[in-house]
Amino acid sequence: MSLALTDVVLTYPDGDRTLTALDRVNLAVGPGEFAAVAGPSGSGKSSLLAVAATLVTPGSGTVSVAGRDTAGLRPAERTRLRRDHIGIVFQQPNLPASLTALDQLTVMAHMAGRSPRRAAGRARALLAAVDLAGLEHKRPHQMSGGERQRVNIARALMNGPEVLLVDEPTSALDHVRGEQVVTLLDRLTRDRGLATVMVTHDLARLAAADRVYSMTDGRLSEGAPAGGQPR
Ligand code: ADP
Ligand code: MG
(Lines give C-alpha, C1' and ligand atoms only; values in the text may rest on other atoms or scores of the structure.)
(Ligands and ions follow the chains in the order given, each with its own letter.)
Protein backbone atom coordinates (compact mmCIF):
# COMPACT_ATOMS: atom_id res chain seq x y z
CA MET A 1 0.00 0.00 0.00
CA SER A 2 1.19 3.50 -0.74
CA LEU A 3 -0.65 4.84 2.28
CA ALA A 4 -1.95 2.88 5.25
CA LEU A 5 -3.51 4.15 8.45
CA THR A 6 -4.22 1.51 11.08
CA ASP A 7 -6.35 2.12 14.17
CA VAL A 8 -5.44 5.78 14.20
CA VAL A 9 -6.71 7.80 17.14
CA LEU A 10 -6.22 11.56 17.35
CA THR A 11 -7.51 13.68 20.20
CA TYR A 12 -7.38 17.41 20.84
CA PRO A 13 -7.67 19.01 24.26
CA ASP A 14 -11.07 20.67 24.57
CA GLY A 15 -11.35 22.62 27.81
CA ASP A 16 -11.29 20.08 30.62
CA ARG A 17 -12.25 17.27 28.23
CA THR A 18 -10.77 15.80 25.07
CA LEU A 19 -12.25 15.85 21.60
CA THR A 20 -11.74 12.70 19.54
CA ALA A 21 -11.03 13.97 16.02
CA LEU A 22 -10.10 10.51 14.65
CA ASP A 23 -11.60 7.44 16.26
CA ARG A 24 -9.78 4.17 15.33
CA VAL A 25 -9.50 5.07 11.66
CA ASN A 26 -8.35 2.47 9.14
CA LEU A 27 -7.60 3.42 5.56
CA ALA A 28 -5.41 1.80 2.92
CA VAL A 29 -4.86 3.26 -0.54
CA GLY A 30 -2.78 1.60 -3.23
CA PRO A 31 -1.12 2.90 -6.40
CA GLY A 32 -3.58 4.22 -8.98
CA GLU A 33 -6.43 4.27 -6.47
CA PHE A 34 -8.64 7.33 -5.96
CA ALA A 35 -10.30 7.38 -2.53
CA ALA A 36 -12.84 10.03 -1.61
CA VAL A 37 -13.85 10.81 1.96
CA ALA A 38 -17.11 12.66 2.46
CA GLY A 39 -18.38 14.08 5.68
CA PRO A 40 -19.80 17.23 7.19
CA SER A 41 -17.75 20.11 8.45
CA GLY A 42 -16.05 19.25 11.73
CA SER A 43 -16.21 15.47 11.17
CA GLY A 44 -12.42 15.07 11.07
CA LYS A 45 -11.57 15.15 7.35
CA SER A 46 -8.73 17.67 7.57
CA SER A 47 -7.41 15.89 10.67
CA LEU A 48 -7.29 12.67 8.65
CA LEU A 49 -5.21 14.35 5.94
CA ALA A 50 -2.92 16.01 8.50
CA VAL A 51 -2.14 12.61 10.03
CA ALA A 52 -1.73 10.97 6.61
CA ALA A 53 0.62 13.80 5.64
CA THR A 54 2.71 13.14 8.79
CA LEU A 55 2.13 16.75 9.81
CA VAL A 56 0.36 15.57 12.97
CA THR A 57 1.33 12.48 14.97
CA PRO A 58 -1.63 10.43 16.16
CA GLY A 59 -2.06 9.51 19.82
CA SER A 60 -2.15 5.85 18.83
CA GLY A 61 -2.21 3.74 15.70
CA THR A 62 0.21 3.62 12.79
CA VAL A 63 0.70 5.58 9.59
CA SER A 64 2.77 4.08 6.83
CA VAL A 65 3.78 5.94 3.69
CA ALA A 66 5.40 4.30 0.66
CA GLY A 67 5.78 1.14 2.72
CA ARG A 68 7.52 2.84 5.66
CA ASP A 69 6.10 3.04 9.15
CA THR A 70 6.44 6.70 10.11
CA ALA A 71 6.30 6.20 13.87
CA GLY A 72 9.99 5.95 14.67
CA LEU A 73 11.21 8.61 12.26
CA ARG A 74 13.23 11.56 13.48
CA PRO A 75 11.89 14.98 12.44
CA ALA A 76 14.38 15.39 9.59
CA GLU A 77 13.56 11.93 8.23
CA ARG A 78 9.88 12.65 8.48
CA THR A 79 10.32 15.91 6.57
CA ARG A 80 12.25 14.10 3.86
CA LEU A 81 9.65 11.34 3.62
CA ARG A 82 6.91 13.96 3.28
CA ARG A 83 8.82 15.98 0.71
CA ASP A 84 9.73 13.01 -1.46
CA HIS A 85 6.61 10.84 -1.18
CA ILE A 86 3.59 12.99 -0.33
CA GLY A 87 1.90 15.72 -2.35
CA ILE A 88 -0.47 17.92 -0.39
CA VAL A 89 -3.14 20.26 -1.72
CA PHE A 90 -4.29 22.21 1.30
CA GLN A 91 -7.77 23.61 1.70
CA GLN A 92 -6.36 27.13 1.73
CA PRO A 93 -3.38 26.73 -0.56
CA ASN A 94 -1.05 29.56 -0.72
CA LEU A 95 0.38 30.58 -4.07
CA PRO A 96 2.88 33.42 -3.59
CA ALA A 97 1.45 36.41 -5.47
CA SER A 98 4.71 37.38 -7.15
CA LEU A 99 5.48 34.00 -8.72
CA THR A 100 4.43 32.83 -12.17
CA ALA A 101 2.76 29.45 -12.55
CA LEU A 102 6.08 27.98 -13.68
CA ASP A 103 7.94 29.39 -10.67
CA GLN A 104 5.27 28.13 -8.25
CA LEU A 105 6.37 24.67 -9.34
CA THR A 106 10.13 25.08 -9.76
CA VAL A 107 10.46 26.51 -6.26
CA MET A 108 9.39 23.09 -4.93
CA ALA A 109 12.29 21.40 -6.71
CA HIS A 110 14.60 24.13 -5.50
CA MET A 111 13.60 23.44 -1.88
CA ALA A 112 14.27 19.75 -2.47
CA GLY A 113 17.75 20.55 -3.80
CA ARG A 114 17.04 19.39 -7.35
CA SER A 115 18.63 20.65 -10.55
CA PRO A 116 16.95 23.88 -11.74
CA ARG A 117 17.13 23.02 -15.43
CA ARG A 118 15.48 19.65 -15.02
CA ALA A 119 12.97 21.25 -12.66
CA ALA A 120 11.90 23.73 -15.36
CA GLY A 121 11.30 20.90 -17.81
CA ARG A 122 9.34 18.92 -15.28
CA ALA A 123 7.29 21.98 -14.29
CA ARG A 124 6.36 22.65 -17.93
CA ALA A 125 5.31 19.04 -18.41
CA LEU A 126 3.19 19.14 -15.26
CA LEU A 127 1.47 22.38 -16.24
CA ALA A 128 0.65 20.76 -19.58
CA ALA A 129 -0.67 17.69 -17.74
CA VAL A 130 -3.13 19.89 -15.84
CA ASP A 131 -4.11 21.69 -19.10
CA LEU A 132 -2.33 24.94 -18.21
CA ALA A 133 0.44 24.93 -20.83
CA GLY A 134 -0.49 28.44 -21.93
CA LEU A 135 -0.39 29.92 -18.44
CA GLU A 136 3.25 29.34 -17.52
CA HIS A 137 4.00 33.03 -17.12
CA LYS A 138 0.77 34.10 -15.45
CA ARG A 139 0.67 35.13 -11.80
CA PRO A 140 -2.09 33.98 -9.42
CA HIS A 141 -4.17 37.17 -9.78
CA GLN A 142 -4.26 36.61 -13.55
CA MET A 143 -5.82 33.16 -13.17
CA SER A 144 -9.33 31.92 -12.41
CA GLY A 145 -10.05 29.96 -9.24
CA GLY A 146 -10.09 26.73 -11.24
CA GLU A 147 -6.74 27.54 -12.84
CA ARG A 148 -5.19 28.32 -9.46
CA GLN A 149 -6.45 25.00 -8.15
CA ARG A 150 -4.79 23.24 -11.10
CA VAL A 151 -1.52 24.99 -10.30
CA ASN A 152 -1.88 23.80 -6.69
CA ILE A 153 -2.34 20.24 -7.88
CA ALA A 154 0.59 20.44 -10.31
CA ARG A 155 2.77 21.91 -7.55
CA ALA A 156 1.89 19.02 -5.24
CA LEU A 157 3.15 16.60 -7.91
CA MET A 158 6.45 18.36 -8.53
CA ASN A 159 8.57 16.02 -6.43
CA GLY A 160 6.97 12.88 -7.86
CA PRO A 161 5.00 11.70 -4.82
CA GLU A 162 3.32 8.28 -4.47
CA VAL A 163 0.60 9.75 -2.27
CA LEU A 164 -1.59 12.75 -3.11
CA LEU A 165 -3.73 14.30 -0.36
CA VAL A 166 -6.33 16.85 -1.38
CA ASP A 167 -8.49 18.86 1.02
CA GLU A 168 -11.83 20.18 -0.31
CA PRO A 169 -10.49 21.00 -3.80
CA THR A 170 -13.85 22.16 -5.13
CA SER A 171 -15.20 24.24 -2.26
CA ALA A 172 -14.36 27.56 -3.93
CA LEU A 173 -15.42 26.48 -7.44
CA ASP A 174 -18.70 26.38 -9.32
CA HIS A 175 -20.21 23.05 -10.32
CA VAL A 176 -18.58 22.75 -13.75
CA ARG A 177 -15.11 23.82 -12.59
CA GLY A 178 -15.41 21.58 -9.55
CA GLU A 179 -16.22 18.60 -11.74
CA GLN A 180 -13.27 19.38 -14.01
CA VAL A 181 -10.89 19.42 -11.05
CA VAL A 182 -12.14 16.06 -9.78
CA THR A 183 -11.91 14.56 -13.29
CA LEU A 184 -8.35 15.85 -13.44
CA LEU A 185 -7.49 14.27 -10.08
CA ASP A 186 -8.91 10.98 -11.31
CA ARG A 187 -6.84 11.11 -14.50
CA LEU A 188 -3.61 12.04 -12.70
CA THR A 189 -4.20 9.24 -10.19
CA ARG A 190 -4.37 6.68 -12.99
CA ASP A 191 -1.69 8.11 -15.28
CA ARG A 192 0.85 8.46 -12.47
CA GLY A 193 -0.12 5.55 -10.24
CA LEU A 194 -0.85 7.88 -7.35
CA ALA A 195 -2.61 6.86 -4.17
CA THR A 196 -5.01 9.79 -3.91
CA VAL A 197 -7.19 10.74 -0.97
CA MET A 198 -9.61 13.60 -1.59
CA VAL A 199 -11.79 14.84 1.24
CA THR A 200 -14.92 16.83 0.57
CA HIS A 201 -18.22 17.83 2.13
CA ASP A 202 -19.70 17.95 -1.37
CA LEU A 203 -21.51 14.68 -2.10
CA ALA A 204 -21.81 15.45 -5.80
CA ARG A 205 -18.02 15.08 -6.09
CA LEU A 206 -17.86 11.38 -5.22
CA ALA A 207 -18.74 9.82 -8.57
CA ALA A 208 -15.19 9.69 -9.95
CA ALA A 209 -13.71 7.89 -6.95
CA ASP A 210 -12.82 4.18 -6.87
CA ARG A 211 -13.79 4.01 -3.23
CA VAL A 212 -15.95 6.24 -1.17
CA TYR A 213 -15.78 6.59 2.60
CA SER A 214 -17.87 8.53 5.06
CA MET A 215 -16.51 10.40 8.04
CA THR A 216 -18.83 10.93 10.99
CA ASP A 217 -17.57 12.32 14.29
CA GLY A 218 -14.07 11.01 13.59
CA ARG A 219 -15.18 7.54 12.53
CA LEU A 220 -14.43 6.42 8.99
CA SER A 221 -16.63 3.85 7.28
CA GLU A 222 -16.76 2.56 3.73
CA GLY A 223 -19.64 3.76 1.55
CA ALA A 224 -21.23 7.07 0.71
CA PRO A 225 -23.05 9.01 3.43
CA ALA A 226 -26.80 8.50 3.55
CA GLY A 227 -28.60 10.84 1.18
CA GLY A 228 -25.71 11.11 -1.28
CA GLN A 229 -25.13 8.13 -3.51
CA PRO A 230 -22.40 8.47 -6.10
CA ARG A 231 -23.85 8.86 -9.54
P1 ADP B 1 -13.29 18.81 8.94
O2 ADP B 1 -12.06 18.98 8.10
O3 ADP B 1 -14.10 17.61 8.59
O4 ADP B 1 -14.13 20.04 8.97
P5 ADP B 1 -11.44 18.87 11.19
O6 ADP B 1 -10.52 17.71 11.04
O7 ADP B 1 -10.93 20.20 10.79
O8 ADP B 1 -12.82 18.53 10.45
O9 ADP B 1 -11.91 18.96 12.71
C10 ADP B 1 -12.42 17.83 13.42
C11 ADP B 1 -12.71 18.26 14.84
O12 ADP B 1 -11.48 18.57 15.52
C13 ADP B 1 -13.58 19.53 14.95
O14 ADP B 1 -14.41 19.39 16.08
C15 ADP B 1 -12.55 20.63 15.15
O16 ADP B 1 -13.11 21.70 15.86
C17 ADP B 1 -11.47 19.92 15.96
N18 ADP B 1 -10.12 20.45 15.70
C19 ADP B 1 -9.51 20.48 14.50
N20 ADP B 1 -8.25 20.98 14.63
C21 ADP B 1 -8.09 21.27 15.94
C22 ADP B 1 -7.01 21.80 16.71
N23 ADP B 1 -5.84 22.12 16.14
N24 ADP B 1 -7.20 21.96 18.04
C25 ADP B 1 -8.37 21.61 18.62
N26 ADP B 1 -9.42 21.09 17.96
C27 ADP B 1 -9.30 20.92 16.63
MG1 MG C 1 -11.53 20.53 6.82
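Residues numbered from 1 in each chain as written. Chains lettered and ligands numbered in written order. Predicted model: local features only at pLDDT ≥ 70, side-chain atom pairs only at ≥ 80, totals over all residues. Heavy atoms only, no water.

S.K.: How should the sheet that holds strand 10 (residues 219-222) be read in this particular structure?
M.R.: What holds strands together in a sheet is hydrogen bonding between their backbones, with the strands either parallel or antiparallel. Spatially, six strands are ordered 6-7-8-3-9-10 in an open sheet, and the strand pairing comes out mixed. Sheet topology places strand 6 (86-89) and strand 10 at the edges, where each strand pairs with a single neighbour. For this sheet, the mean inter-axis angle between neighbouring strands, taken without regard to orientation, is 20 degrees. Note: strand 6 against strand 7 (residues 163-167), four bridges, orientation parallel. (Pairing = 2+ DSSP bridges. Helix = DSSP H or I, 4+ residues; strand = E, 2+ residues; numbered from the N terminus. Axes fitted to C-alpha atoms, helices over the stretch in contact; angles between N-to-C directions.)

S.K.: Sorry if this is basic, but what is going on with the side chain of Thr170 here?
M.R.: Mapped onto the elements of the fold, Thr170 is located in the loop between strand 7 and helix 6 (175-192). Residue classification places Thr170 among the buried residues on the basis of a relative accessible area of 6%. Apart from residues lying up to four places away in sequence, Thr170 is in contact with Gly178, Val182, Thr200, Asp202 and Arg205. (Buried < 20%, exposed > 50% of the residue type's maximum accessible area, 1.4 Å probe, protein only. Contact = heavy atoms within 4.5 Å.)

S.K.: Looking at this structure, how should I read the site of ligand 1?
M.R.: Taken together, Tyr12, Leu19, Ala21, Pro40, Ser41, Gly42, Ser43, Gly44, Lys45, Ser46 and Ser47 make up the full set of residues near ligand 1. For ligand 1, an oxygen atom lies 2.8 Å from a polar atom in the backbone of Ser46. Surface burial for ligand 1 is 60%, taken as the share of its 560 Å² of free accessible area covered by protein chains. For the shell around ligand 1, the elements supplying multiple residues, two or more each, are strand 2 (17-29) and helix 1 (45-52). Among the elements that line the shell around ligand 1, the one with the most residues is helix 1, at three residues. (Near = heavy atom within 4 Å. Polar contact = N/O pair within 3.5 Å; in protein donor to acceptor, adjacent residues only side chain to side chain. Areas by Shrake-Rupley, 256 points an atom, 1.4 Å probe, with all protein chains shown as cover.)

S.K.: Just checking my understanding: could you explain the pairing of strand 8 (residues 195-200) for this structure?
M.R.: On a regular strand, each side chain points to the face opposite its neighbour's, so the side chains alternate between the two faces of the sheet. Burial analysis of strand 8 places six of its six residues in the buried class, which makes it a mostly covered element. Here strand 8 shows no split at all, with Ala195, Val197 and Val199 on one side and Thr196, Met198 and Thr200 on the other all buried. Sheet analysis places strand 3 (residues 33-38) next to strand 8, joined by six bridges and oriented parallel. Across the sheet, residue Phe34 finds its bridge partner in strand 8, namely Thr196. Here strand 7 runs beside strand 8; their pairing, made up of five bridges, is parallel. Counted as the bridge partner of Leu165 is Val197 from strand 8.

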